[in-house]
Amino acid sequence: QVQLVESGGGLVQPGGSLRLSCAASGSIFSIYAMGWYRQAPGKQRELVAAVTSGGSTNYADSVKGRFTISRDNAKNTVSLQMNSLKPEDTAVYYCNLEGRPYSDFPEYDYWGQGTQVTVSS
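This is a predicted model, so every value here is computed, not measured.

Describe the environment of Val78, with residues and values.
Relative to the elements of secondary structure, Val78 occurs in strand β8 (residues 77-82). Between the C-alpha atoms of Val78 and Gly114, which are 36 residues apart in sequence, the distance is 14 Å. With residues near it in sequence (within four places) discarded, Val78 still touches Leu20, Ser21, Cys22, Met34, Trp36, Val51, Ile69, Ser70, Arg71 and Cys95.

Next up, the structure:
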């Protein structure tokens, strides 16, 4: 069983910054990628940013140049530095891990419980 624990959400004014962190624990044989998704009220969950074990990154167009994802492979953690936040960034942010719990298992998607980010004056 893989557990993802997120931290760092909260309320921030437009133009401000927040840093989200996520730590993975449990039965983890290998990790392909870790990342962040978000879901605003009435909208579908969408990819914000992801990073593979090899260091390749992928960002939503709406956050390019403002958000930076980083990962510590040794500690199985992923962080999202969010700068120049906008009201439209308001959402519940979910940590995601794509990986295998055991060598003979397929890859699964694992999710954190979500952390609220609210950008408002």
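From this point on, the discussion continues.
Account for the packing of aromatic side chains, naming residues and giving values.
For the structure shown, the criterion picks out 3 aromatic pairs. Relative to Trp111, the ring of Tyr37 lies with its centre 5.0 Å away and its plane at 75°, an arrangement referred to as edge-to-face. With a gap of 74 residues between them, Tyr37 in strand β4 (residues 30-39) and Trp111 in strand β10 (residues 108-111) connect regions that are remote in the sequence. Here Tyr108 and Tyr110 contribute two aromatic rings whose centre-to-centre distance is 6.2 Å and whose plane-to-plane angle is 70°, an arrangement assigned as edge-to-face. Note on Tyr110: relative accessible area 15%, which makes it buried. Against the face of Tyr94 rests Arg45, its NZ or CZ located 3.8 Å from the ring centre. Geometry around Trp111 places Arg45 over its ring, the cationic atom sitting 4.6 Å from the centre.

Reading the values: rules and limits
- Residues numbered from 1 in each chain as written.
- Predicted model: local features only at pLDDT ≥ 70, side-chain atom pairs only at ≥ 80, totals over all residues.
- Heavy atoms only, no water.
- Helix = DSSP H or I, 4+ residues; strand = E, 2+ residues; numbered from the N terminus.
- Contact = heavy atoms within 4.5 Å.
- Phe/Tyr/Trp six-rings, centres within 6.5 Å; stacked < 30°, edge-to-face > 60°.
- Buried < 20%, exposed > 50% of the residue type's maximum accessible area, 1.4 Å probe, protein only.
- Lys NZ or Arg CZ within 6 Å of the ring centre and 35° of its normal.

As far as function goes, none of this settles anything; it's purely spatial.
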